[in-house]
Each structure stands twice: as structure tokens, then as C-alpha cells.
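Inside the fold
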Amino acid sequence: MTGPGGARTLPLRVPIAAGEALDSWLERLGRRYDMPVRQLLPVFGIRARALGSVGLLRSPANVLRRIEDQSGLPPGRLDQAVFPDLPRRWLPVTGSRFCPACLTESEPWPLAWRMHWTFTCVSHRSILATCCPGCGQPVRRQPGALVLPPGFCTNRVDGHVCRTDLSTASCWILPDGDLRLHAQQWINQRLGTCVGTTGRPSPGDMRDLGDLDAVAGWIRFRARPADFTGYGGPTAAAFVDYLTRRHRFPDKPAGEHLTDPLLLAAVAVRTVDLLTAVTPPEILAGLRPLLRPDGSDRDARGRRQSMPTGVFWIRTLSPARQATFLGSLDPLLTPLDRLRYRTCT
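The structure contained in this document is the topic of the report that follows.

Okay, the side chain of Thr316 next. Examined against the element boundaries, Thr316 turns out to sit in the loop between helix H11 (311–315) and helix H12 (319–329). Judged by relative accessible area, which is 18%, Thr316 ranks as buried.

Printed below as a string of C-alpha cells:
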């Protein structure tokens, strides 16, 4: 049987789950036919060797329409199974993070686990795992070459497939009510309009996600190891490792070095606290240490000096948040800067 475009229509159907990634659904479809994903992709006109899983999740619209037509999915359904149009600094992670407990409960692999700012499973209160406990490598970097049970590692190591059960990976469990869970919930609420069923991102949520990355950049630049000791030794060690890699590879964007979920969670707490602050004193308290390490507005002689509000960091924010932050900084600005940024009334 063939579809309107002449391509073969598949007789066996597998519905795609809400929030599921395209490569995960193709893997489940292949399991229905007892075919590995690499053998299934040519059915849809995709060359398996030409792309990894990240490339598959960036498939153009014409490829998605063909897959939908051949597999019986509603037109446009797969638009929510590939990377959405998020802020340009939201690079996907290498491979994918995962929650071991989730893998024991369901087969679909969420698209959100590949997002830079998804670091926690709020259902199981766990920091997401990053590597296979068997081979020690990031998972799901390439479409699988074998038909394996759901949640098993498909990495090739020394010429053979790893096959480790990823649900056996260990991860950090957070206490109920932990601020890192709250930060992830705030992010998830905004991601939900981008990686969901409507495919129509809210402008306000897109603005918040862009500001999240911008403010996290300031925190990343100003932070010191002592800022993370309250989250435990592993988080502080992750920050030291981040600094080491940042100085060892200075030509690489600093944000690409910030990949450890434990460290991301700690940075997200501080970032979300600032973005959700309402009153000027709350906003000012969060901005002070980011603009000047000692938080002071006086020079060595005790004379008032303006807080440094460089044009670069201002431009990384959305216009609405620029106005809010600058208005909160007004008491710490010199008269000249108040006129420059038009914060005085």
C-alpha cells in the first residue's frame, strides 16, 4: 500500500506519546517490526549513517510530513517530537540525560531530557543521570543498530553493543521541597508551551527562557566555588571542574562547559530566584553580587559610585526585564547613569 507521495504506508501503527522524542518513537516503531532504527530509517528516505540522534531531532518539515504520512500519524504531530525554536544559546546536550526510575515505568524517551536546562526529574525528585553505568559514555548519541529492550544502552564499545540496563544507573535524590525541584518546575512550565501538544510557544515563556540563559551567564561569570558549598561537595567539585575546562578551552563558549546536572541545578536556583523576584529590594539583592563581587556602591574612600551596568549584559535581557532590572538599580546609579538609562522619574 502506498501513500499520496508514492511512499510505502506501514501497516502496523504505534501512537506517539506526549512529549516523546522522534528517535524514541522510531525506536518503538522499529521494535514493533523487530527492526533496529538504522534499518527502519531508509523506509522514510533517511540515510542512517548521515546523521546522529541530534540530527534526527532536527529533521526538516518535509521529512516529518513523509514520516507522518507513511506511519498514519496526524499531519504536524511530529513537530512536537523534534527540537523547538528555543533561544539560540539553548544547545542540546551531548546524547541525552535520563531518569533511571522513569525508565522502569514507561518506554517513551522524553524530548525534554535532551534540553540543556532539564536537570531534574520532578516526579522522582532525582538529578538526571548523564552516562551509561556500563560503558561510562553519554547515551543515545546514535540511532540503535540492534533491537534492544526499552531503556538499554545502544552505544558501541570496542566493536560490540553495550546493552547495559540504564535503569540501574545511580543518581542523586533530592529532599522533598528542595529549591532545585522548584527551579525545574518553573522551567518545565515554560518549556511545556514549546515542547507540548500545541506547538505554539507563548511569547512570555520564550522571553523567560531567553532571560534564564542570560542571567545564568552572569552567575556563571561571577560565581566562586564557595557559592556552591551549601549544595554539597559534588556540586562544588563540579564547579571547579567547570572552571578548569573553561580556562583550558577558552575558545569554546563558556556555556558549553556548564553541563553537569548538579551544577546546573544550583545555578538554576539562583537564576530563577532573581527572575521571579517581584519587589525592587528583592531584585536589587539578587543583582548586587552579579554587578560587583563585594556588592558595594562605595569606592575605597567611601564615595558613592555607580554600580557597573555595562551595555553588554543589558542587551542579553528581554526589553521588559531590562526596564525592570534597571528600575530596581536606580538607587545605586549615579545621576549621569540614571539619565543614561532613563530610570529617574
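Under the criterion given, the structure shown has 15 salt bridges. Across the pair Asp23 and Arg114 runs a salt bridge whose closest N-O atoms are separated by 2.4 Å. Taken together, the residues Asp23 in helix H1 (residues 22–32) and Arg114 in the loop between helix H5 (100–103) and strand S1 (120–121) connect sequence positions 91 residues apart. For the pair shown, Asp23 and Arg114 are each scored as buried. Linked through salt bridges whose partners overlap, the residues forming this network are Asp23, Glu27, Arg31, Glu107, Arg114 and Arg140.

Moving on: the packing of aromatic side chains. This model, assessed by the stated rule, comprises five aromatic pairs. With 5.7 Å between their ring centres and 35° between their planes, Phe239 and Tyr242 make a pair best called tilted. Of this pair, Phe239 and Tyr242 both sit in helix H8 (residues 233–248), three residues apart, which is roughly one turn of that helix. Residues Phe239 and Tyr242 agree in their burial class; the two are buried. Pairwise contacts between aromatic rings join Phe98, Trp109 and Trp113 into one cluster. The side chain of Arg140 reaches across the aromatic face of Trp109, ending 4.6 Å from its centre.

Rules used throughout
- The residue numbering used here restarts from 1 in each chain and proceeds along that chain's sequence as written.
- In keeping with the model being predicted, local features are shown solely for residues with a pLDDT of at least 70 and side-chain atom pairs are shown and tallied solely at 80 or more, while totals for entire chains, interfaces and linings include all residues.
- The side-chain values count all of the structure's non-hydrogen atoms but skip hydrogen atoms and water molecules.
- The numbering of helices and of strands both runs from the N terminus, where a helix is a DSSP run of H or I of at least 4 residues and a strand a run of E of at least 2.
- Burial classification: accessible surface area is computed with a 1.4 Å probe over protein chains only, and a residue below 20% of its type maximum counts as buried, one above 50% as exposed, and the rest as partly exposed.
- Salt bridges are identified by distance alone: a Lys or Arg side-chain nitrogen within 4 Å of an Asp or Glu carboxyl oxygen.
- The criterion for an aromatic pair is that two Phe, Tyr or Trp rings (for Trp, the six-membered ring) have centres within 6.5 Å, with stacked assigned to planes under 30 degrees apart, edge-to-face to planes over 60 apart and tilted to the rest.
- The criterion is that NZ of a Lys, or CZ of an Arg, lies within 6 Å of the ring centre and within 35 degrees of the ring normal, and then a charge sits over that ring.

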